[in-house]
Amino acid sequence: MTYEEIIKKIQAGLSGDKQRDQAYLKQQMEEYKDHRYNHEIVRECGRMLYDLLDDAQKEKFVRSIEQDTEHIRSALKEVEYFLSKKDAAKANEVIEPIIKSMSQETMFKNDSKNVFYSFNEPFENVLYEYLEKPEQNVQRASIPYSDAYYDYARVCLELDEQQKAQEALKKAIDWNPMSSKVQLLYMESMKEDLERFFAFTKFAFQIIFHKPDLAKAYRNLAYYFDQKNLQRIAYGCHGISLQYEASEESVNYMNALNEQDWFSQPSMDEMREFAKKYEFPIGPDQQVVGLAYGYGKQCFEEGVKDGAKYFLTIAYDLTAAPEAKELLDQMETE
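This is a predicted model, so every value here is computed, not measured.

Student: Can you explain the packing of helix H11 (residues 211–227) against helix H12 (residues 231–241)? Please cite residues and give values.
Tutor: Where H11 contacts H12, the axes come no closer than 8 Å and their chain directions differ by 170 degrees. When the interaxial angle is binned, H11 and H12 end up roughly antiparallel. The residues of H12 that touch H11, namely those facing Ala 215, Tyr 218, Arg 219, Leu 221, Ala 222, Phe 225 and Asp 226, are Gln 231, Ile 233, Ala 234, Cys 237, His 238, Ile 240 and Ser 241. Here the residues of the contact of H11 with H12 are counted per class, giving 9 nonpolar, 3 polar and 2 charged.

Student: Mind laying out the packing of aromatic side chains, listing which residues take part and the relevant values?
Tutor: One pair of aromatic rings is described through two measures. These are the centre distance and the angle between the planes. Scanning all chains against the criterion turns up 23 aromatic pairs. With 6.0 Å between their ring centres and 70 degrees between their planes, Phe 123 and Phe 311 make a pair best called edge-to-face. On the criterion of sequence distance, the pair formed by Phe 123 in helix H6 (residues 122–132) and Phe 311 in helix H16 (residues 305–319) is long-range, its members being 188 residues apart. Take Phe 123: its relative accessible area is 0%, and that puts it in the buried class. Each member of the aromatic cluster is reached from another via a ring pair, and the members are Phe 123, Phe 209, Tyr 295, Tyr 310 and Phe 311. Geometry around Tyr 130 places Lys 133 over its ring, the cationic atom sitting 4.9 Å from the centre. Taking NZ or CZ as reference, Lys 191 lies 4.1 Å from the ring centre of Tyr 223, over its face.

Student: Which residues make up the pattern of salt bridges, and what are the values?
Tutor: Taken as a whole and judged by the stated rule, the model has 16 salt bridges. Between Glu 188 and Lys 216 there is a salt bridge, and its shortest N-O distance comes to 2.8 Å. In this pair, Glu 188 is assigned in helix H9 (residues 180–188) and Lys 216 in helix H11, connecting sequence segments 28 residues apart. Salt bridges linked by common partners bring Arg 73, Asp 147 and Lys 181 together as one network.

Student: Any chance you could break down H12 for me, citing the residues and the numbers?
Tutor: Taking burial as the measure, the 11 residues of H12 include 9 buried ones, the bulk of the element. Residues of H12 that are buried include every one of Gln 231, Ile 233, Ala 234, Tyr 235, Gly 236, Cys 237, His 238, Ile 240 and Ser 241, and no others. If you follow the buried residues of H12, they end up packed against H11, helix H13 (248–258) and helix H14 (268–278).

Student: Could you give an account of unusual backbone geometry, naming the residues involved and the relevant values?
Tutor: Positive phi values are uncommon outside glycine, yet Asp 160 reaches one of about 60 degrees. Following the sequence through the fold, Asp 160 ends up in the loop between helix H7 (145–158) and helix H8 (162–175).

Student: I'd like a rundown of the side chain of Asp 147, residues and numbers included.
Tutor: With respect to the helices and strands, the residue Asp 147 is situated in helix H7. Looking at Asp 147, its side chain comes within polar contact range of the side chain of Asn 120, at 3.2 Å. Looking at Asp 147, its side chain comes within polar contact range of the side chain of Lys 181, at 3.2 Å. Those residues in contact with Asp 147 that lie beyond four places of it in its chain are Arg 73, Leu 76, Asn 120 and Lys 181.

Reading guide: rules and limits
Residues numbered from 1 in each chain as written. Predicted model: local features only at pLDDT ≥ 70, side-chain atom pairs only at ≥ 80, totals over all residues. Heavy atoms only, no water. Axes fitted to C-alpha atoms, helices over the stretch in contact; angles between N-to-C directions. Helix = DSSP H or I, 4+ residues; strand = E, 2+ residues; numbered from the N terminus. Parallel < 35°, antiparallel > 145°, perpendicular 65-115°, else oblique. Contact = heavy atoms within 4.5 Å. Nonpolar A, V, L, I, M, F, W, Y, C, P; charged D, E, K, R; others polar. Phe/Tyr/Trp six-rings, centres within 6.5 Å; stacked < 30°, edge-to-face > 60°. Buried < 20%, exposed > 50% of the residue type's maximum accessible area, 1.4 Å probe, protein only. Lys NZ or Arg CZ within 6 Å of the ring centre and 35° of its normal. Salt bridge = Lys/Arg side-chain N within 4 Å of Asp/Glu carboxyl O. Polar contact = N/O pair within 3.5 Å; in protein donor to acceptor, adjacent residues only side chain to side chain.

Right under this line is the structure:
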């Protein structure tokens, strides 16, 4: 039987009596526990069980999940605090139990019908669906898995546990492949493998949509070219990064080169040639900008002001495009 046929058969067995149906659905979940569609069947039976709950029971169920999420987010704030105080050992005491509990979690497990991600904001979801074109239904996990594994990786790096950090970052990426902060930290952890670091940095441009992340990606490129003794290209990359974020690192690097008699600054035409040769972009990825503007314009035309402002602000921050500014200004005056 196909998955659809099994679900129809289960649905046909419902009686309309809530207590009987609850027992029946639990029995069906047990019956199909070894089936190849086990996860899909259990998840669908779980949805049917939820529908059988009264309003008070539903509220209690939702609140329990919200409490779990609040507990984790509160713990992550503690981790951030201890890291800011350079107390990685204390941060580790907070984060390790959370990571252990997450490894045993099954509520948001992928199956052939659904794939779960802990996206932090809407544009990450948009980028994922555009770039990956998933066949499954993309669902949002309410638990901040990616953030937790990201913070665990930061703790591991502070404790000089490189392998653990990379493993945590891979899991963070699995949960949110569109997270720039995770991808950028993952790059930092692989700097010893210079060519892989370079390739990964170039790849990351297609998911970067905040200016500080874009600046960091250009500083990564600058690091690569400096290590390759291509200081003029590194200088240009630092210069581009400063268009998106102030950086003492970039300013110091450029000033040091300007003091060298042999050094000459690259022109923008030269940087475009370098970019073409080494296959890195000048400025934000145009697909990213186009998607942000396109979604923003669509929301604007449909009267969804919050969505329009969110997407158009991304497009405008990256490019200062007048057409995005015009729509944003219109919303301010309405």
